[in-house]
Amino acid sequence: MSGWPKHALAAAGHPDPYPYYRELARDGWRRDEALGLWLAASRRAVDAVMESPACRVRPAREPVPAGIAGAPLGEAFGRWLRMSEGDAHARLRTAVGEGLASLPCDEAELTARRLARAFLATGAVDGLRLDALVDFLPVATLASLLGWPEAALAEAAAGIARVCGALAVDADAVARERGAEACRILLADLAALPAEGWLKRWRAEFAGLDAAVLCANLLGILFQSRDAGAGLLSAGIAWRCLGEWNHADPGEWRARLMLDPVLHHTRRFVAEDIELAGQRLKAGDQVLVLLAAAAHDPAAPEQAMDFGRGRHACPGEALALATARGALQALEQPRPNWRALGGGVTFDGPPNIRMRRFGAGERA
Ligand code: HEM
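Let us look at the structure shown here. (Residues numbered from 1 in each chain as written. Predicted model: local features only at pLDDT ≥ 70, side-chain atom pairs only at ≥ 80, totals over all residues. Heavy atoms only, no water.)

1. Regarding the sheet that holds strand S2 (residues 37-40)
One open sheet accounts for five strands, arranged S1-S2-S7-S4-S3; its pairing is mixed. Looking at the sheet topology across the chains shown, the edges are occupied by strand S1 (29-32) and strand S3 (55-56). In this structure, S1 lies alongside S2, joined through four bridges in antiparallel fashion. Within the sheet, the bridge partner assigned to Arg-31 lies in S2 and is Trp-38. (Pairing = 2+ DSSP bridges. Helix = DSSP H or I, 4+ residues; strand = E, 2+ residues; numbered from the N terminus.)

2. Here's the deal with the site of the ligand
Looking at the ligand, there are 27 residues lining it, with Arg-93, Thr-266, Arg-268, His-312 and Cys-314 nearest. In this structure, an oxygen atom belonging to the ligand sits 2.6 Å away from a side-chain N or O atom of Arg-93. A distance of 2.7 Å is found between an oxygen atom of the ligand and a side-chain nitrogen or oxygen belonging to Arg-268. Elements with a minimum of two residues in the shell around the ligand: helix H4 (86-101), helix H10 (211-242), strand S4 (266-270) and helix H13 (317-332). (Near = heavy atom within 4 Å. Polar contact = N/O pair within 3.5 Å; in protein donor to acceptor, adjacent residues only side chain to side chain.)

3. Observations concerning the side chain of His-264
With respect to the element layout, His-264 can be found in the loop between helix H11 (250-259) and S4. A distance of 2.9 Å separates a polar atom in the side chain of His-264 from the backbone oxygen of Pro-261. Beyond its immediate chain neighbours, meaning those up to four positions away, His-264 contacts Ala-11, Ala-12, Pro-17, Tyr-18, Tyr-21, Val-289, Leu-290, Leu-291, Ala-292, Asn-352 and Arg-354. (Contact = heavy atoms within 4.5 Å.)

4. Structural notes on unusual backbone geometry
Residue Ala-277 is not a glycine yet carries a positive backbone phi of 45 degrees. Note on placement: Ala-277 falls in the loop between strand S5 (274-276) and strand S6 (279-281). Phi angles above zero are rare outside glycine, and Arg-335 is one such case at about 45 degrees. For Arg-335, a relative accessible area of 73% translates into the label exposed. (Buried < 20%, exposed > 50% of the residue type's maximum accessible area, 1.4 Å probe, protein only.)

5. Here's the deal with the coordination of the iron atom of the ligand
One donor from the polypeptide reaches the iron atom of the ligand: Cys-314 (SG), at 2.3 Å. Mapping Cys-314 onto the fold places it in the loop between helix H12 (291-295) and H13. (Donors = N, O, S within 2.8 Å, 3.2 Å for Na, K, Ca; no water.)

6. A closer look at the packing of H4 against helix H9 (residues 197-205)
Orientation of H4 relative to H9, taken along the N-to-C sense of each, is 155 degrees, at an axis distance of 9 Å. Here H4 is positioned roughly antiparallel relative to H9, judged by the angle of their axes. In this structure, H4 meets H9 at a crossing whose hand is right-handed. Contacts from Ala-95, Val-96, Glu-98, Gly-99 and Leu-100 in H4 reach Trp-198, Trp-202 and Glu-205 in H9. (Axes fitted to C-alpha atoms, helices over the stretch in contact; angles between N-to-C directions. Parallel < 35°, antiparallel > 145°, perpendicular 65-115°, else oblique. Left-handed = near helix turned anticlockwise from the far one by under 90°.)

Structure, rendered in structure tokens:
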């Protein structure tokens, strides 16, 4: 693959999408008729969309995707912080935010390191194993911190992957059915976890809310950790393949994520006619918010945008970075051949994530 990405939804998987993003950012806004989307690309346009109450995380007429509405997965989805607005969002934001903030990062880092070491101890570190670690660890670390039994962590990670598959834009009936079944099992597992340790603190944060809302939002954070957490870890590993770097330093992560972001875009749905950063938008329009383009906007301050902006900004940043740090520490121990591992990196993930894959060549 070379040249310009085909369109904005293909950019995260392109080897070098940044000249393309910089051009989009210079324009600020662009309309992609084929995709049926507005592209918000400058920092000014991105900030305006993310801050506007008229730009919602779900379309007004479809708060839950039609394919899962009425099913338990749809019910859980409708309760997620990430998919809520207004008062409901503010209440959940406090509960989920406090729940995540009450976790000591050291504990998350140690858990990730321990789980990664155990995972890596079972075989040689080749590209396929790195891919498997990347898919497993973010969910497994969070599940372990919530009190999930160690022997069931792989199944929990696979279950969350099925939920992600069911919510993908291109999910078919089989993927939705698999996701629905995984959701049923995960919600039952979450309800049965002993109320100890970190989960006890979570329950306290949700004291005034329904138990089903707590379980739905625990499922929600596991879901949120999966693809973005995997993308972040895959980036950390790819940079390590290029040479030693100080992954203990959050400032170093931010600097690298500014140049080569992991989470490239999110979406907003316009609820009423409005003008934002010089662009008129109509109720019903969809906006692709190009965080990665805004990070490269030549007219804006240099700043990583990976963890979002405004009222929906990521409350999981510290946990995600701690998990990636723990994994990178564990990976040093078997002294893998970094250069060889980095030789065949490809990009293959959900459209909004720059997901590195290390084992594509080994599979062929
Ligand atoms: C442990 C891992 C993670 C957890 C638990 C987590 C949790 C969450 C939650 C609950 C939200 C919704 C917040 C709201 O709507 O108010 C969110 C949003 C977001 N997260 Fe994370 N996250 C994790 C990892 C990541 C990573 C690794 C990235 C980036 C590489 C990321 C980027 C974002 C962004 C950009 C948003 C905002 C999306 C939007 O505004 O549409 N997250 N995250």
